[in-house]
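Each chain, letter by letter, is given below.
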Amino acid sequence: MNLLSGMEKFGFSMDGELDILADEKPKKGDAAGAKTAAPVVKQETDFVIDKKVRCPVCDKEFPIKAVLATKLKRLEPDFDLRPNYEHIDKIKYDFLSCPNCGFSALDTTFSKIDTARVKLIRAEFCPSFKPQPNETLPETYSYDYSVEKFKLALICTMKKKAKMSEKAYVCLKIAWLRRAQLKELEQDKEADPKVIEMVKKEYEGFYSQAYEGFMKAISSETPPYCGMASEAVDFMLANMSMHYKKYDAAMKLVARLIQSPSTSRKLKDKCVDLKDEITEKVAAAKAAAANQE
């Protein structure tokens with residue numbers, strides 16, 4: 001029986017039996033083709049597009065490379081909550097930098113500058129900046145290119161007297177970029193040892209600045225800290241404290257998170273695991289000290 005009989009009056013000749021799954025079934029020869037088809041390897045260029053942005057300081061438009069967030073696949077973050085994505089390091093694109101007047105900032109704060117700080121940038125930063133109106137954007141941002149722009153953003157945060165949390169966050173982004181670059185260089189047998197040493201020093205220097213800056217911010221500012229929730233910053237700082245073997249500071253931050261009613265259950269579970277890790281590290285440190293005596 002033809003279930004669609006009678007549709008001829010509308011111009012549709014529906015011969016044969018109805019099968020709504022017909023389009024989903026593989027056709028003859030498709031199976032063999034599927035076996036030989038090469039897998040599609042995605043490149044960084046597949047995740048970036050060209051856009052234009054207007055600078056709030058000089059009111060001129062300039063081109064940028066922007067990441068297509070809808071295409072991103074998030075991976076497991078680093079111990080200090082550094083976000084990771086498949087096929088692309090999005091942090092390389094987390095800035096905006098005007099080649100005309102030089103104003104640079106995190107992409108989340110670039111357009112949020114007030115009139116008073118615009119005047120500060122124009123007076124304290126722009127006169128020293130060498131305009132680069134003919135700058136050609138690379139197809140994708142390299143680590144060195146992005147770090148250079150983030151450094152301009154850091155100078156701008158200091159010149160416009162930004163909050164400590166914003167300065168610290170810019171330092172953290174630079175440190176994260178240098179750490180990722182360091183991993184790449186250490187896997188490259190032909191990498192210049194001097195370059196590796198420079199990248200390592202910058203990573204350690206900016207990471208230290210970020211740590212000290214955020215520790216200052218949580219005691220002098222009200223959250224959110226440059227757009228980050230206090231719980232996320234506390235957890236990040238607890239892990240950074242572990243990196244510097246400041247176990248007392250790490251334990252205080254973890255205890256505060258566990259006791260806070262605003263901390264999610266998922267984060268509390270992570271804090272319990274981190275607390276156990278801190279306890280083990282402290283015990284190991286004490287044992288090592290005892291053995292040296």
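As a starting point, this report considers the structure included with it. The structure displayed is predicted, hence computed values, not measured ones.

**Some thoughts on the overall build of the protein**
Okay, so step 1: If you tally the helices and strands in the protein, you get eight helices and six strands.
Okay, so step 2: Along the protein, helices (α) and strands (β) appear in the sequence α-β-β-β-β-β-β-α-α-α-α-α-α-α when read from the amino end.
Okay, so step 3: Sequence-distant contacts, at least 24 apart, represent 62% of the contacts inside the protein between residues at least 6 apart.
Okay, so step 4: A total accessible area of about 18100 Å² is found for the protein, and carbon and sulfur atoms account for 53% of it.

**Concerning the packing of aromatic side chains**
The geometry of two aromatic rings is summed up by the distance between their centres and the angle between their planes.
Okay, so step 1: Tallying each qualifying case throughout the model produces 11 aromatic pairs.
Okay, so step 2: Ring centres of tyrosine 207 and tyrosine 244 lie 6.1 Å apart, and the angle between their planes is 35°; on these two criteria the pair is classed as tilted. Of this pair, tyrosine 207 sits in helix H5 (residues 193-220) while tyrosine 244 sits in the loop between helix H6 (230-243) and helix H7 (247-259), and the two are 37 residues apart along the sequence.
Okay, so step 3: Aromatic rings pair up to connect Tyr93, Phe95, Tyr141, Tyr145 and Phe150 into one cluster.

**Overview of the pattern of salt bridges**
Okay, so step 1: Following the criterion strictly, the structure yields 18 salt bridges and no others.
Okay, so step 2: With its nearest N and O atoms 3.1 Å apart, the salt bridge here joins lysine 92 to glutamate 44. Of the two residues, lysine 92 sits in the loop between strand S4 (84-85) and strand S5 (95-97) while glutamate 44 sits in the loop between helix H1 (30-36) and strand S1 (48-54), which places them 48 residues apart along the sequence.
Okay, so step 3: What makes lysine 92 buried here is its relative accessible area of 7%.
Okay, so step 4: Classification of glutamate 44 by relative accessible area gives buried; the value is 18%.
Okay, so step 5: The salt bridge partner of arginine 117 is aspartate 114, with a shortest N-O separation of 3.2 Å.

**Looking at the packing of helix H4 (residues 164-187) against H5**
Okay, so step 1: Across the interface, H4 lies against H5 with an axial gap of 7 Å and an inter-helix angle of 150°. With respect to H5, the axis of H4 lies roughly antiparallel. Here H4 runs over H5; the crossing is left-handed.
Okay, so step 2: When grouped by side-chain class, the residues that make up the contact of H4 with H5 number 20 nonpolar, four polar and six charged.

**What about the nonpolar core?**
Okay, so step 1: If you look at the biggest cluster of nonpolar residues, it comprises 73 residues, and the most contacted ones within it are Phe103, Leu172 and Phe214.
Okay, so step 2: For this core, the element with the highest residue contribution is H4, accounting for 10 residues.
Okay, so step 3: Two domains each put at least three residues into this core: domain 1 (44-228) and domain 2 (233-292).
Okay, so step 4: When residues no more than four places from it in sequence are discounted, the contact partners of phenylalanine 103 are Cys55, Pro56, Val57, Leu96, Ser97, Cys98, Phe110, Ile113, Ile121, Phe125 and Cys156.
Okay, so step 5: Ranked by size, the runner-up nonpolar core spans five residues in total, among them Leu182, Leu185, Ala191 and Val199.

**Points about the environment of asparagine 134**
Okay, so step 1: Along the chain, asparagine 134 turns up in the loop between helix H2 (115-124) and helix H3 (143-159).
Okay, so step 2: Spatially, the C-alpha atoms of asparagine 134 and proline 99 are 8.1 Å apart, while their sequence positions differ by 35 residues.

Procedures and definitions
Residues numbered from 1 in each chain as written. Predicted model: local features only at pLDDT ≥ 70, side-chain atom pairs only at ≥ 80, totals over all residues. Heavy atoms only, no water. Helix = DSSP H or I, 4+ residues; strand = E, 2+ residues; numbered from the N terminus. Contact = heavy atoms within 4.5 Å. Areas by Shrake-Rupley, 256 points an atom, 1.4 Å probe, with all protein chains shown as cover. Phe/Tyr/Trp six-rings, centres within 6.5 Å; stacked < 30°, edge-to-face > 60°. Salt bridge = Lys/Arg side-chain N within 4 Å of Asp/Glu carboxyl O. Buried < 20%, exposed > 50% of the residue type's maximum accessible area, 1.4 Å probe, protein only. Axes fitted to C-alpha atoms, helices over the stretch in contact; angles between N-to-C directions. Parallel < 35°, antiparallel > 145°, perpendicular 65-115°, else oblique. Left-handed = near helix turned anticlockwise from the far one by under 90°. Nonpolar A, V, L, I, M, F, W, Y, C, P; charged D, E, K, R; others polar. Core = buried A, V, L, I, M, F, W, Y, C linked by side-chain atoms within 4.5 Å. Domains from an automatic or database assignment.

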